[in-house]
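# Results of the structural survey
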Amino acid sequence: MPPLSKITCIEDLRLVAARRVPRMFYDYADSGSYTEGTYRANEADFQAIKLRQRVAVNMEGRSTRTTMVGQDVAMPVAIAPTGLTGMQHADGEILGAKAAKAFGIPFTLSTMSICSIEDIAEHTGRHPFWFQVYVMRDRDFIERLIDRAKAANCSALQLTLDLQILGQRHKDIKNGLSAPPRPSLANLIDLVTKPRWCWGMLGTPRRSFGNIVGHAKDVGDLSSLSAWTAEQFDPRLHWGDVEWIKKRWGGKLILKGIMDAEDARLAVNSGADALIVSNHGGRQLDGAPSSIAALPGIAAAAGKAIEVWMDGGIRSGQDVLKARALGAQGTLIGRSFLYGLGAFGQAGVTRALEIIHKELDITMAFCGLTDIDRVDASILLPGTYPT
């Protein structure tokens, strides 16, 4: 494997992760629903946007620092909530949270994580992090999750709205996705070729869903977990549930999964602090527009009443800059972070953040600006970006 010093882009990390992570977990992260058209468009639509290069501009004193829901950040990037992160690398959520803390950006823990809320708090010295939650049928479980997040010093709650039902991901079905992997012949053959991953998993007790097993009613082991999960995502989710969660939480609330201007206006009316333009990484509604294509219209509909962020397809600092230019106060990265984690653990996450930050800083300078808070659509070539 190449040394970290030779890793120059997120694609380099992806290639290493593909060799080091068992196939079912790599495919879980690196796939979309049905034809994967929206998943591919998330990246491709960024590439179509062109930048205006400026010259003879003083490039000294550059700063990528800004804020996301009032929190100071080293760059307008946060780590997105990703399920099964601890199956990309042993203790993956802990390692990602530690890397994010050291770099100065927010980390979001998924409800469907392998490491628990309490694990993250313990291993980061109770450093503030964000927690992502779904609306589930078991409201008592949700309330207890929220109380655990408060006790762990979480500074914002991220409510995912686009997972009432699951989009079909063909690769997960074909691979027989489970955590930990079932001991089928195909899985055992694959694991033999991933000794680094196996060694890491042997060294940790965290191999299941830490926020659920032992906490949810009637879920004491993996055999009962799958049935519980299939039944719990609530298809009756409505805006009244958002208001209930905001009141129950009492702190900063972020709504993830907004892809329509009308829903953006409803998000504003809900009293949330931020919304995330997101198609769930192309993993839910295949045929939906890319996140970057939807961003300008949603930003216009939301106005200044709520912070607008986006995720989906961000693989470089240039993508972050383009999103910022089109109205995103902040961005979130999922796969870019997971590739780094799967490839090199915590050091790989740090390398992913370094790559994105350096590209963001240098590209901003070539576009004639030195302050991220001054970036707008004027840095983009007219006719190449969505309006």
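Summarised in this report is the structure supplied together with it. All values reported here derive from a predicted model rather than from experimental measurement. (Residues numbered from 1 in each chain as written. Predicted model: local features only at pLDDT ≥ 70, side-chain atom pairs only at ≥ 80, totals over all residues. Heavy atoms only, no water.)

Attention now moves to the nonpolar core. Core analysis: the biggest nonpolar cluster contains 109 residues, and Leu13, Phe131, Leu159, Leu275, Leu295 and Met310 have the highest contact counts within it. Per-element tally for this core: the top contributor is helix α16 (residues 346-366), with seven residues. Once residues lying within four places of it in the same chain are set aside, the contact partners of Leu159 are Val133, Tyr134, Val135, Val242, Ile245, Leu253, Ile254, Leu255 and Lys256. Among the nonpolar cores identified, the runner-up in size contains 12 residues, and Met68, Val69, Ile254 and Leu332 belong to it. (Core = buried A, V, L, I, M, F, W, Y, C linked by side-chain atoms within 4.5 Å. Buried < 20%, exposed > 50% of the residue type's maximum accessible area, 1.4 Å probe, protein only. Helix = DSSP H or I, 4+ residues; strand = E, 2+ residues; numbered from the N terminus. Contact = heavy atoms within 4.5 Å.)

Relative placement of two packed helices is described by the angle separating their axes and the distance separating the axes. Look at helix α6 (residues 139-151) against helix α11 (residues 239-249): their axes get within 10 Å of each other, and the N-to-C directions meet at 40°. With respect to their mutual orientation, α6 and α11 come out oblique. When the axes of α6 and α11 are compared, the crossing they make is right-handed. Of the residues in α11, those in contact with Arg139, Ile142, Glu143, Ile146, Asp147, Ala149 and Lys150 of α6 are Asp241, Trp244, Ile245, Arg248 and Trp249. Tallied by class, the residues present in the contact of α6 with α11 amount to six nonpolar, no polar and six charged. (Axes fitted to C-alpha atoms, helices over the stretch in contact; angles between N-to-C directions. Parallel < 35°, antiparallel > 145°, perpendicular 65-115°, else oblique. Left-handed = near helix turned anticlockwise from the far one by under 90°. Nonpolar A, V, L, I, M, F, W, Y, C, P; charged D, E, K, R; others polar.)

On to the pairing of strand β8 (residues 274-277). Within a regular beta strand, the side chains point alternately toward one face of the sheet and then the other, so they alternate between its two faces. Residues Ala274 and Ile276 line one face of β8 and the alternating positions Leu275 and Val277 line the opposite face, and both faces are buried. In terms of strand pairing, strand β7 (residues 252-258) meets β8 through four bridges, oriented parallel. Bridged to Lys256 within β8 is Ile276. One crossover worth recording links β7 to the parallel β8 by way of helix α12 (residues 261-270), and it is right-handed. For β8 and strand β9 (residues 307-311), the ladder comprises four bridges, and the chain directions are parallel. (Pairing = 2+ DSSP bridges. Right-handed = clockwise from strand over helix to strand, strands pointing away.)

Our next topic: the pattern of salt bridges. Considering all chains together, one arrives at 18 salt bridges under this definition. The closest approach of N and O atoms between Asp91 and Arg206, which form a salt bridge, is 3.1 Å. Within this pair, whereas Asp91 is found in the loop between β3 (77-79) and α4 (92-103), its partner Arg206 is found in the loop between α9 (195-202) and α10 (222-232), the two being separated by 115 residues in sequence. An identical accessibility class is assigned to Asp91 and Arg206; each is buried. The salt bridge partner of Arg324 is Asp373, with a shortest N-O separation of 2.4 Å. Here Asp373 lies in the segment after α16 and Arg324 lies in helix α14 (residues 317-325), a separation of 49 residues in the sequence. By relative accessible area, Arg324 is classed as buried at 8%. We classify Asp373 as partly exposed; its relative accessible area is 45%. Residues participating in the shared-partner salt-bridge network are Arg139, Asp234, Arg236 and Asp241. (Salt bridge = Lys/Arg side-chain N within 4 Å of Asp/Glu carboxyl O.)

Within β9, four of the five residues are buried, which leaves it mostly tucked inside the rest of the structure. Pairing geometry for β9 and strand β10 (residues 330-333), over three bridges, is parallel. Paired with Asp311 across the strands is Leu332, a residue of β10. Since β9 and β10 lie parallel, the crossover through α14 that links them has a hand, and here it is right-handed.

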